[in-house]
Structures are given as C-alpha cells and as structure tokens.
Amino acid sequence: MNNIEHKNYNDKSYALGATGSAIRELFEFGKKRKQEIGADNVFDYSLGNPSIPCPDIVNETLINLIKNTDATLLHGYTSGPGDMNVRNSIASYLNKTYGCSEKGSLIYMTCGAAASLTVTFNALIASDSDEVIVFAPFFPEYRVFIEKANGIVKVVKSREEDLKIDFEKFEGTINENTKAVLINSPNNPSGVVYTEEDIKNLSAILYKKEKEYNHPIFLISDEPYRELVYNMDKVPFVTNYYDDAIVCYSFSKSISLPGERIGYILVSNKCNDAINVYKAICGSGRSLGFVCAPALFQYMIPSILGYTSNIDEYKKNKDYLYNELKKIGYDAIYPDGAFYMFVKALEDSASNFSERAKKHELLIVPSDSFGFTGYVRLSYCVSFDMIKRSIPAFKALFDEYKNK
Ligand code: PLP
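Here the structure is a predicted model, which means the values were calculated and not measured. (Residues numbered from 1 in each chain as written. Predicted model: local features only at pLDDT ≥ 70, side-chain atom pairs only at ≥ 80, totals over all residues. Heavy atoms only, no water.)

Novice: A description of the domain arrangement of the protein should follow, citing residues and the corresponding values.
Specialist: Note on interface size: it is often stated as the accessible area lost on association of the parts. According to the domain assignment, the protein consists of domain 1 (11–55 + 310–402) and domain 2 (56–304). Summarising the inter-unit geometry, the C-alpha centres of domain 1 and domain 2 are found 27 Å apart. Taken together, the 33 residues of domain 1 in the interface contact 38 residues of domain 2. Of all residues in domain 1, the largest losses of buried area upon contact with domain 2 belong to Pro55, Asp336 and Phe372, amounting jointly to 22% of the total for that side. Summed over the shared surface of domain 1 and domain 2, the number is zero salt bridges. Those elements that provide at least two residues to the side of domain 1 that touches domain 2 are helix H1 (11–19), helix H12 (312–328), strand S10 (340–344) and strand S13 (375–379). Among the elements that make up the side of domain 1 that touches domain 2, the one with the highest residue count is S10 (four residues). When its residues are assigned to classes, the side of domain 1 that touches domain 2 shows 21 nonpolar, six polar and six charged. (Domains from an automatic or database assignment. Contact = heavy atoms within 4.5 Å. Buried area = accessible area lost by both parts, 1.4 Å probe. Salt bridge = Lys/Arg side-chain N within 4 Å of Asp/Glu carboxyl O. Helix = DSSP H or I, 4+ residues; strand = E, 2+ residues; numbered from the N terminus. Nonpolar A, V, L, I, M, F, W, Y, C, P; charged D, E, K, R; others polar.)

Novice: Can you tell me about the layout of surface pockets, naming the residues and giving the values?
Specialist: In this structure, the largest pocket encloses a volume near 600 Å³. Taken together, 26 residues form the lining of the largest pocket, with Arg24, Gly48, Phe139, Glu141 and Lys253 sitting closest to its centre. Those elements giving two or more residues to the lining of the largest pocket turn out to be helix H2 (22–37), helix H6 (112–124) and helix H7 (141–148). Across the lining of the largest pocket, the residue classes break down as 13 nonpolar, seven polar and six charged. Of the residues that make up the lining of the largest pocket, three or more belong to each of domain 1 (11–55 + 310–402) and domain 2 (56–304). (1 Å grid on protein atoms, 1.4 Å probe; cavity = no way out; pocket = protein on both sides within 12 Å on 5 of 7 lines; lining within 4 Å. Points joined across faces, edges and corners; volume = space filled by probe spheres on them.)

Novice: If you had to explain the pattern of salt bridges to someone new, which residues and values would you point to?
Specialist: Summed over all chains, the structure comprises 28 salt bridges. The closest approach of N and O atoms between Arg33 and Glu36, which form a salt bridge, is 2.8 Å. Residue Arg33 and its partner Glu36 are both found in helix H2; the two are separated by three residues, about one turn of the helix. Since its relative accessible area comes to 22%, Arg33 is described here as partly exposed. (Buried < 20%, exposed > 50% of the residue type's maximum accessible area, 1.4 Å probe, protein only.)

Novice: Provide a residue-level description of the pairing of strand S4 (residues 152–157), including the pertinent values.
Specialist: In this sheet, S4 lies alongside strand S3 (residues 131–136) in parallel orientation, the contact comprising six bridges. Residue Val134 lies in a different strand from S4, and its bridge partner there is Val155. Considered for its hand, the β-α-β crossover made up of S3, H7 and S4 is right-handed. (Pairing = 2+ DSSP bridges. Right-handed = clockwise from strand over helix to strand, strands pointing away.)

Novice: Outline the nonpolar core, listing residues and values.
Specialist: Grouped together as the largest cluster of nonpolar side chains are 96 residues, with contacts concentrated most on Phe121, Phe135 and Phe170. Broken down by element, the residue count for this core peaks at seven residues, all from helix H11 (residues 295–304). Taken domain by domain, the makeup of this core includes at least three residues from each of domain 1 (11–55 + 310–402) and domain 2 (56–304). Ignoring anything within four residues of it in the chain, the contact list for Phe170 reads Ile133, Phe135, Val156, Ile165, Val181, Leu202, Ile205 and Leu206. Judged by nonpolar contacts, the second largest core, of 37 residues, contains Phe43, Leu362, Val382 and Ile391. (Core = buried A, V, L, I, M, F, W, Y, C linked by side-chain atoms within 4.5 Å.)

Novice: Give me the lowdown on the sheet that holds S4, citing residues and values where you can.
Specialist: Spatially, the seven strands line up as an open sheet ordered S2-S8-S7-S6-S5-S3-S4, and their pairing is mixed. The open sheet terminates on both sides in strands that have one partner only, identified here as strand S2 (107–110) and S4. Direction aside, the axes of adjacent strands within the sheet are offset by 20° on average. Sheet topology note: the S3/strand S5 (residues 178–183) ladder contains four bridges and is parallel. Looking at S5, one finds that Val134 is bridged to Leu182. Lying on the sheet, H6 is in contact with S2, S3, S5, strand S6 (218–223), strand S7 (245–250) and strand S8 (263–267); it crosses S7 at an angle near 155°. Across the sheet, helix H10 (residues 274–288) is in contact with S2, S6, S7 and S8; its angle to S2 comes to roughly 20°. (Axes fitted to C-alpha atoms, helices over the stretch in contact; angles between N-to-C directions.)

Novice: Can you explain the side chain of Ser390? Please cite residues and give values.
Specialist: Looking at where Ser390 falls in the secondary structure, it is placed in helix H14 (residues 384–402). Using a relative accessible area of 0% as the deciding quantity, one classes Ser390 as buried. Setting aside residues up to four positions removed in sequence, Ser390 forms contacts with Phe43, Tyr45 and Leu362.

Novice: Which residues make up H12, and what values do they have?
Specialist: Over its 17 residues, H12 extends 24 Å from the first C-alpha to the last, a length consistent with the 24 Å expected when each residue adds 1.5 Å. Among the residues of H12, those classed as buried are Tyr314, Asn317, Lys318, Leu321, Tyr322, Glu324, Leu325 and Ile328. Count one or two residues on from H12 and you reach Gly329, which has phi positive near 125°. (Expected span 1.5 Å × (residues − 1).)

Novice: Run through the site of the ligand, naming residues and quoting values.
Specialist: Close to the ligand lie 14 residues; Asp222, Tyr225, Ser250, Ser252 and Arg261 are nearest. Asp222 places a polar side-chain atom, nitrogen or oxygen, 2.6 Å from a nitrogen atom of the ligand. Within the complex, the protein chains bury 91% of what would otherwise be the 390 Å² of accessible surface of the ligand. One can see that the ligand is located within the largest pocket. Considering each element in turn, the shell around the ligand owes the most residues, three residues, to H6. For the shell around the ligand, the residue count by class is six nonpolar, five polar and three charged. (Near = heavy atom within 4 Å. Polar contact = N/O pair within 3.5 Å; in protein donor to acceptor, adjacent residues only side chain to side chain. Areas by Shrake-Rupley, 256 points an atom, 1.4 Å probe, with all protein chains shown as cover. Sits in = over half its atoms within 2 Å of the grid points.)

Novice: Pulling in residues and values, what's your account of the side chain of Asp222?
Specialist: Note that Asp222 resides in strand S6. Lacking a salt bridge, the buried Asp222 has Lys253 as its closest oppositely charged neighbour, with an N-O distance of 9.5 Å. A polar atom in the side chain of Asp222 sits 2.5 Å from the side chain of Tyr142. If we skip the residues at most four places from it in the chain, Asp222 touches Ala113, Leu117, Tyr142, Leu182, Ile183, Asn184, Ser185 and Cys248. (Lys, Arg positive; Asp, Glu negative; His and termini not counted.)

Here it is, written out as structure tokens:
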C-alpha cells in the first residue's frame, strides 16, 4: 500500500473554482436583488458586458455565410492556429490601419482575450523564477493566468493622480528574471488610455533593460478595448514602437461579441526569434486545448474588420455620469476609453464603501480586486436611463458620508 495522499482534484484549480471573482459575486447578488425588488430599482454597474448591440454587418455576414457556404466547411475544423485566409486578412487590416508589417503566419486565432493571454503566458514562462510585470489597477484574471502558468506576478502601482505608468517604479522593478510586461490600454478598470509618448517611454526603458540583461523582455498588450477610445483617433499600436511585442486581441468588447469567444494573438514580425516564439504559442494552445477557434466566427472576421459598435452611446453615458458625479462632489479619474470609470471611495476601505452603496441599490465593484485600494469601478455599459435613475442614489450615498 502506498502512503502518498490521494487527491481528487488539483488544489490550485479547486481554490480558483471555489472562490470566484468579486465582480461575478456582485453581479449574482444583483440578479437576486432584481428578482426581489424589480430590475428597475437596482443600479447595476458591476459587469463589463457590452450594452450596445453589434453592428448589422455582423448578422448580415453570418446569414450570408450560412446560406452560401458548404456546411461541412463552415462548421468543420479549421487549421489548429486558425484559417490562413482569415489570419492574412487580419494582418492586412492591421498593416493598412497602423502602418506596420505584420504577417498572418504569426497570428494565432483564439477564444477571446482570456484564451489569448493564458496561451501566451504558458508559451513564454519557462522557469519558476520568471516574472511578469503588471500595472495596478489591473484585470483580476491576470493573476490567475500568470500564476497558473507558473509565473510570478510583479505589481507596479500606477501614479495615484492619473493612473498612468510610474516609470521610475517600473524601471526599478525590472530585473534579470523579468520575462514580460503586460499592459492594457484602454484599461479595465480605470478607462485610462496610454498616449504615444507613454508607449515610447515604456519602450525606451524596455530596450535599455533588454540590453542590460542581454535577453528579450516581451511586451504583451492586452487589447479587448482597442477601438473604444473617445479623445484620440487610434490607440498607438505597440509593434510600431517595440519589437518584442505580442498583441492579445479580442472581438468581445469593441464589436460587442463577448459570448462568441473569438480573438487572436499576434507575435510581431520584428520580435526576437519570432518564428520560434510563435511555435511555442501554437504548442501552448495545443496543450491547453485552444485549437481551431470557433470556425463560423473566424470566417466572419474578414467582413467585419474595421467596424465597431456605435460607441457614441458609451460616450454619452460616460460624459453624463462623470459630470453628474462631479456635481455631487465625487472624485473620479476621467476615462478616455473602454467603458469603465474609477471613482474614489468615500472612505479608506473600498469594500466597506461598496457594501454601503448596496444599501442604496448601487452595485459598484471595490478596487481591491484590481490590486488597488480606495476606489470603486463603475461599468457604464448600461442603459442611459439606468444611469439617469441612479443619480439620486449616488447623491444619497454621498450625503450619508457628508452628514456623518
Ligand atoms: N482583458 C481585459 C482587460 C478584460 O477586461 C477582459 C474581459 O472583461 C478580458 C481580458 C477577457 O476578454 P474576453 O472576453 O475576450 O476573453
């Protein structure tokens, strides 16, 4: 008889499944509360689920594909990394839009940004000492993806005043174990967008450190919100500024298709050892079971590249909500992109503040889960009507603190 302890499941996976995420918990609470008091009486800012429908071209293309394509092809397997014509069409679109020179042969089709990220981390992290730098506040799943791939998360806190990169702290955190730096612009949860100058400064530091340590430091750019920008034409495309770049893209947010699970990984053509990095991406996708992303949605892509949902509605929501909250007396980081607003909590503990907001039927996510203290995240991808109706609740919550 062997005395090795038998386990029915993996401890790390169990812990992840048993705890869930703070955002989802609040969302589930909201669902229950809506049943109890009526959906109109709950002001649910919890989830980043696009509220604007995808443009008509999406359904028109799908119908056309279904009517005019052989079903065994349409619903059959594509190549593991994705259909070559689709990948070439993405590369051509990127090259035309951003003036880069990327290749379809270095694109790997995936199930959204989540799969793009987890495949990329598993492809790159090669030893237990490999570190990935993330900037707080950050999307909570980053920690899950990096740690499951055996990487170490190194958090660099963004500047308190504008949530941009603190370059001094960033440079001080890079060391010989730094394998990659992860950025997300436009950002979840803050709505902050990095300018060209930000990306240039970041790249200059990375080039300097690559030279110092004599190995590549990858810049991974998580871009599900790439087209959701309000005050600039386009976000700077990272491969134009830094060679060792990998882009993790998703069609979930900008074109409102989160349930269809479609996105891609692009290894820059200029990346050090690009072909072998790409092979590692393919192997990682293979081992994680992310091969042959949903075929119907791959075939849709060439027709919808360059389209977005009507973001004027998000802009209207953002401007109204920001101005109303400011009028009441709240302090918020002005968001230039995505559909999130980071608002300062009225006490040190964001969790307590979020709990007190619940009493006013306001569901706002405490910033602790994003690796940052003292704020709450509001997802304003909701109806304009809900935002309007929620303002008195924000006022009542504010007065409660003022009159303490
Ligand atoms: N990265 C960020 C910053 C996100 O906000 C999200 C989803 O909310 C994801 C990745 C995952 O996106 P997807 O639904 O495409 O997997």
